Each structure stands twice: as structure tokens, then as C-alpha cells.
Amino acid sequence: MIPPKPPARAERVSLWRYLRLFRQDILSAQPERLYRAWMAEFRTPFFRSYLVNQPDLVRCVLKERPDDFPKSDRISEGLRPLLGESVFVTNGEAWKRQRRIIDPAFEGGRLKDTFPAMRDAAEAAAARLAAHAGEEVEIEEQTSHAAADVIFRTLFSIPIEHRIAREVFHEFRAYQRTQPILNAAAFVPLPRWLPRGHRRRTRASARAIRALITELTAERMRAIEAGTAPDDLATKIMTTRDPVTGETFTTEEMVDQVAIFSLAGHETSASALAWTLYLMAIFPDWQDRVAEEARANLPRDAPADFAAVSRLRVTRDVFREALRLYPPVPMMVREATQAERFRDRDLPRGAQIVLSPWHQHRHTRLWDNPDGFDPARWETENGRSCAREAYMPFSAGPRVCTGAGFAMVEGVLLLARLLRDLKVAPGTRPPPMPVAHLTVRSRKGIWLKVAGR
Ligand code: HEM
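Because the structure is predicted, anything quoted here is derived from the model rather than measured. Starting from 1, residues in each chain are numbered consecutively following that chain's sequence as written. This being a predicted model, a pLDDT of at least 70 is required before a residue's local features are given, and a value of 80 or more before pairs of side-chain atoms are given or counted; all residues contribute to the totals for chains, interfaces and linings. Calculation of side-chain values draws on the structure's entire complement of heavy atoms; hydrogens and water are dropped beforehand.

**Student:** Before we move on, could you go through the overall build of the protein chain and cite the residues and values that matter?
**Tutor:** Per the convention used, a helix needs a DSSP run of H or I reaching at least four residues, while a strand needs a run of E reaching at least two, with both numbered from the N terminus. Each helix and strand in the protein chain was counted, giving 17 helices and 11 strands. With the radius of gyration taken over C-alpha atoms, the globule rule is written as 2.2 Å times the number of residues to the power 0.38. At 21 Å, the protein chain has a C-alpha radius of gyration in line with the 22 Å of a compact globule built from 453 residues. Projecting the C-alpha coordinates of the protein chain onto the three principal axes gives extents of approximately 60 × 55 × 40 Å. Every one of the 453 residues in the protein chain was classed for burial, and the buried ones make up 59%. Surface exposure of the protein chain reaches about 18,900 Å², of which carbon and sulfur atoms provide 51%. Mean positive and mean negative side-chain charge positions of the protein chain (69 and 57 charges, respectively) differ by 5 Å. Accessibility here uses a 1.4 Å probe with only protein chains present; expressed as a share of the type maximum, an area under 20% marks a residue as buried, one over 50% as exposed, and anything in between as partly exposed. Here the Shrake-Rupley method, with its probe set to 1.4 Å, supplies the accessible areas, and only the displayed protein chains count as covering residues. Charged-residue counts in this description rest on Lys and Arg as positive and Asp and Glu as negative, His and the chain ends being excluded. All charge positions are set by atom: Lys at NZ, Arg at CZ, Asp at CG, Glu at CD.

**Student:** Account for the pattern of salt bridges, naming residues and giving values.
**Tutor:** Salt bridge, as applied in this entry: a Lys or Arg side-chain nitrogen positioned within 4 Å of an Asp or Glu carboxyl oxygen. Taken as a whole and judged by the stated rule, the model has 32 salt bridges. Between aspartate 113 and arginine 110 there is a salt bridge, and its shortest N-O distance comes to 3.7 Å. Here aspartate 113 and its partner arginine 110 are both found in helix H6 (residues 108–130), 3 residues apart, which amounts to about one turn of the helix. The exposure class assigned to arginine 110 is buried, which follows from its relative accessible area of 14%. Residues joined in a network through salt bridges with shared partners are Glu123, Arg300, Arg417, Arg420 and Asp421.

**Student:** Kindly report on the sheet that holds strand E8 (residues 422–426), identifying the contributing residues and their values.
**Tutor:** As summarised here, the arrangement of the 3 strands in space is E3-E11-E8, forming an open sheet in which the pairing is antiparallel. Looking at which strands have only one partner, the edges of the open sheet turn out to be strand E3 (136–138) and E8. Each strand of the sheet is rotated relative to its neighbour by a mean of 40°, with strand direction disregarded. Here helix H11 (residues 251–282) sits on the sheet in contact with E8 and strand E11 (447–452), set at roughly 80° to E8. In this description, contact between two residues means that some pair of their heavy atoms is separated by no more than 4.5 Å. In this analysis an axis means a line fitted to C-alpha atoms, helices contributing only their contacting stretch, and an angle means the value between N-to-C directions, from 0 to 180 degrees. Packed onto the sheet, helix H17 (residues 404–421) meets E8 and E11 and runs at close to 95° relative to E8. Only when DSSP finds a minimum of two bridges between them are two strands counted as paired.

**Student:** How would you summarise the environment of glycine 109 if you had to cite specific residues and measurements?
**Tutor:** In this structure, glycine 109 sits in helix H6. Residues glycine 109 and threonine 276 lie 167 residues apart in sequence; the distance between their C-alpha atoms is 27 Å.

**Student:** Any chance you could break down the packing of aromatic side chains for me, citing the residues and the numbers?
**Tutor:** The geometry of an aromatic ring pair comes down to the distance between the two centres and the angle between the two planes. Only Phe, Tyr and Trp rings are paired, with Trp represented by its six-membered ring, and only when their centres lie within 6.5 Å; those with planes under 30 degrees apart are stacked, over 60 edge-to-face, the remainder tilted. Overall, the coordinates contain 11 aromatic pairs when judged by the stated rule. Ring centres of tryptophan 367 and tryptophan 378 lie 5.9 Å apart, and the angle between their planes is 85°; this geometry places the pair in the edge-to-face category. Highlighted residues: tryptophan 367 in the loop between helix H15 (357–360) and helix H16 (381–389) and tryptophan 378 in the loop between H15 and H16, separated in sequence by 11 residues. Classification of tryptophan 367 by relative accessible area gives buried; the value is 2%.

**Student:** Explain helix H5 (residues 92–102) to me, using residue names and the numbers behind them.
**Tutor:** Think of an α-helix as 3.6 residues a turn; residues three or four steps apart then line up on the same face. Here H5 has its buried residues at Trp95, Arg97, Gln98, Arg99, Ile101 and Ile102. Elements in contact with the buried residues of H5: helix H10 (233–239) and H11.

**Student:** How would you sum up the nonpolar core? Please name residues and give values.
**Tutor:** Put simply, a nonpolar core is a bunch of buried Ala, Val, Leu, Ile, Met, Phe, Trp, Tyr and Cys residues held in one set by side-chain atoms that sit within 4.5 Å of each other. Core analysis: the largest hydrophobic core is formed by 117 residues, its most contacted members being Ile237 and Met280. Beyond its immediate stretch of four places on either side in the chain, methionine 280 contacts Trp286, Gln287, Val290, Val318, Phe373, Leu415, Leu419 and Val424. Counting residues in each nonpolar core, the second largest holds 18 residues, with Met39, Val52, Cys60 and Met332 among its members.

**Student:** Give me the environment of glycine 78: which residues, what numbers.
**Tutor:** Relative to the elements of secondary structure, glycine 78 occurs in the loop between helix H3 (73–77) and helix H4 (80–83). Classification of glycine 78 as buried rests on a relative accessible area of 2%.

**Student:** Run through the side chain of glutamate 293, naming residues and quoting values.
**Tutor:** Within the secondary structure, glutamate 293 is located in helix H12 (residues 284–297). Comment: no salt bridge for buried glutamate 293; closest opposite-charge side chain is arginine 313, at 6.9 Å. The contacts of glutamate 293, once residues within four sequence positions are left out, are Arg311, Leu312, Arg313, Val314 and Thr315.

**Student:** Requested: an account of the sheet that holds strand E1 (residues 39–43), with residues and values cited.
**Tutor:** Read from one edge to the other, the open sheet built from 4 strands follows the order E1-E2-E7-E4, with strand pairing classed as mixed. Of all the strands in the sheet, just E1 and strand E4 (332–335) have a single pairing partner and so form its edges. Going from strand to strand, the sheet's axes swing by 25° on average, the running direction of each strand aside. Bridge count for strand E2 (residues 48–52) against strand E7 (residues 352–355) is 4 bridges, and the pairing is parallel. Looking at the pairing, leucine 51 lines up with valine 354 of E7.

The following block contains the structure:
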């Protein structure tokens, strides 16, 4: 059985038709040939963009010469009202300084300190889902709730039931509904002079989220000064000095960072977990193996320890395979700061370079059985070489996702914990169809039947 894949569009369409398709969904707006092309050029009256799948070119852009290919403003634009000058949207020196302060909070050793908060969130998520045993539930809603809970517990030591956490979570939902896709301007050739604006409701949501986050951050700053702050990610980040300048973040700068952690940390993990659970529903043999591994390593009578997660090998392979088929961030955009020559083609300065985990992960010339679900592939030679050359759910290079290690522990733990006691099966509605909103979601939700094991 082949898991759901969006239909490709016809090879040739007019620019206007393309724009219309794009507004609906960036995945089905693309032609089939992108799954076998090494590079594809999109010529438009205003500028050119290039989707690059060839592994050595992707490596060049992300790992070898990242400073020559900064993040494109076009993509940041839509997110600025919410994210301000956060690490997700900045470039150059400002970005380097922010990473120097943030990265230590997400290092391996630190993850161990964060683990108990994650475990509590996993327990709470399992209890919430168990309350629906015997019912058909929309699983993205459940995983969003769980991922938001993980973020608030690890960052600010508060559960999602906390007043502010709950309000931020609800506002994020409203925000996601009004923000159609990452902002078409990110990928689509809209000229810069065309007014696009942010919808009023999107801006209002962004303002509401920032006001709530400011409340939390200012309160935390006071607790740090009073010496009463808990030892969580927020305290760690707010007290870390930049090793180069000796500065710490101001409250305002921290608000920008908290906004991106809340958004990037919750939307992406929620999407990944929801698709993984769907895959488990349609591949029950794999689901049983995950459940068995969970029973052996996450005992019911004692809290799970950090080391147990590294023993969840099958669960990890399953989660990696889900991230391959449904990478939550389907595409990334960079801009060439100088003329380049890629595959015997001249790219002008200012060219938009689209790196697409979505297409690279399903590339027919790189992967065996590219559209199939096969967690055992990671043990094969093809799987191992593709893991190095053609797999980038968290991006790569210096701008790699700060939360990659965090997300791999979170996803594996939650998946195992949920399936230890619960079983999921396909619901009665039609299979979900992936669409790219802020992250890869399904057009009409992912409905699963939940039962006790
Ligand atoms: C399965 C979960 C996740 C996936 C698939 C994911 C994926 C990504 C990707 C692909 C990027 C690069 C985007 C680009 O260059 O345009 C990114 C950046 C980022 N992610 Fe994640 N992410 C996940 C979870 C998290 C979590 C849990 C956090 C924080 C708690 C986080 C924080 C960030 C930040 C701060 C950046 C910006 C890094 C920079 O530009 O320097 N992410 N993520």
C-alpha cells in the first residue's frame, strides 16, 4: 500500500493557473517531474527560481557556502509580524549572535535535563487520548495539544492548562487558519512591488500571541533577577552570555525567540506525530512492533528515564521514515547573493533557490521504493547512503533546526508512550491528503479510531 501523496499538476500550466494552484497548496501545484529532476528552473517575468534536488548542490548551499545563500526575505516577510527579528528570520551577524546564545540550551547534555518535562507531557497526552478510547478522533488536534504542552513545560515549566499557555495555543490555531500557506510570496514569483500585505486577522493574532508571550518573558526576567527562576530552557537561554560579546538577550529579543520556539516547536512536531500515527494505523504490523518495544522499555510502574529513549530503535526508524514521507517543513528558500553556475546553467544574482525535503525525500533516482513506507530501509545500503545524501527533515549545515535533537527525543517518546497502551486504526472517512500550510497538514484532518490495547 502506498501512503497518501498529493496528485501532481499537469506539466504545462499558465503562470496565473500556477499562482492559483499555489494559493491552495504548494505540493499539488508542482509537476511530477520534480520527483526525478536534479534541478528545475521556474522562469517568470520578474525573477527566476530554481528547485535543487542534486545532493552536492544542496550541500553547497546549506553546508559549504551558507553565507553566500542567506534566507530569502520573501519567506520571512509573511512571518515577521509574529516572529519579529527571531533567529528563524535573521541573517548574517545578527543571526550568528542569536545562535551562539540559543544553541547551548539545546545541546545533548541539556536535553537530559529537559527530559522530565517532556515525559510529563507524554503522560498527559496519553491520558487525554485514552479518554477517547472507543471513539474516532481528529488526531492532528491531539498532537498539536501535546506538542504545545511539551514546549510550555520545557521552556517555561508550565503545562498547557496554564492560563497563558492555553491562550497562546488557541491564538496559534487562529493564526494558522488565517495564514494560508507560508505566504505564497515565498515560493511564487510575485514581484516585490505588488502589495500583498498580511491579512488583518493574521496580524491581530500575531499581536495577541506576542502580548501573551511578553507577559511570560517579563515575569521570567523578574524571577531571574530575584533568583527564584526554575532551571528550564527559558532561564537557560535568558542567562546565557554570548561568548563573543558577553551580552545576554534583552526581554524584547527573548520575546522574538520564544515566538519562534512556540511556533516551530509546536507546529512541526504536531504534524510529524500526526502523520506517524496515521502511518501506524495503516501499517498495523509496524504499530505492533512499536507497542512491543514500548512495553519492554517504558515500564508502567516507574517513570521513563532518558536512556530508555535511545533503546527505542524500531520507534526511531518509524519516526524517521514518517519524517521522510511527510517532512513537516516541505521546502526552504535561499537567495543567491552573487551569480552562480549550477549544472551548466547560469543563475543570476538574486535567484531564489528552493530546497525541497518533500521532493528530495521521494526522489525516484535516489531512493529505493521512494513512495513506500519501509522503516527497515534505514538498515539497507540505499537507506544509509540516502540518509547522508538525500534526507534533510531538519535542514542541514549551520542553519540546521536548533530543535532537531529535542524533536527526535520528543517524537520517539510520545509515539512509544501513546502506542504502549493504545491502538490506532483508520477512521471511516476518506484517507487524509497532505497539503502544505505552515507545515505539512492534511486537507480535512486525520481521523483515527482509538482503542485500548
Ligand atoms: C519534527 C519537528 C521539527 C522539524 C521537522 C523541524 C524542521 C526545521 C527545519 C527544516 C528548519 C530550517 C528551516 C529553514 O531553513 O528555512 C528548522 C529551523 C528551526 N527550528 Fe525546527 N523543526 C522541528 C522542531 C523544532 C523544535 C522542537 C524547535 C524548538 C524548540 C525548533 C526550532 C527551530 C528554530 C529556532 C529554527 C531556526 C534555526 C535557524 O534559522 O538558525 N524546531 N526546523
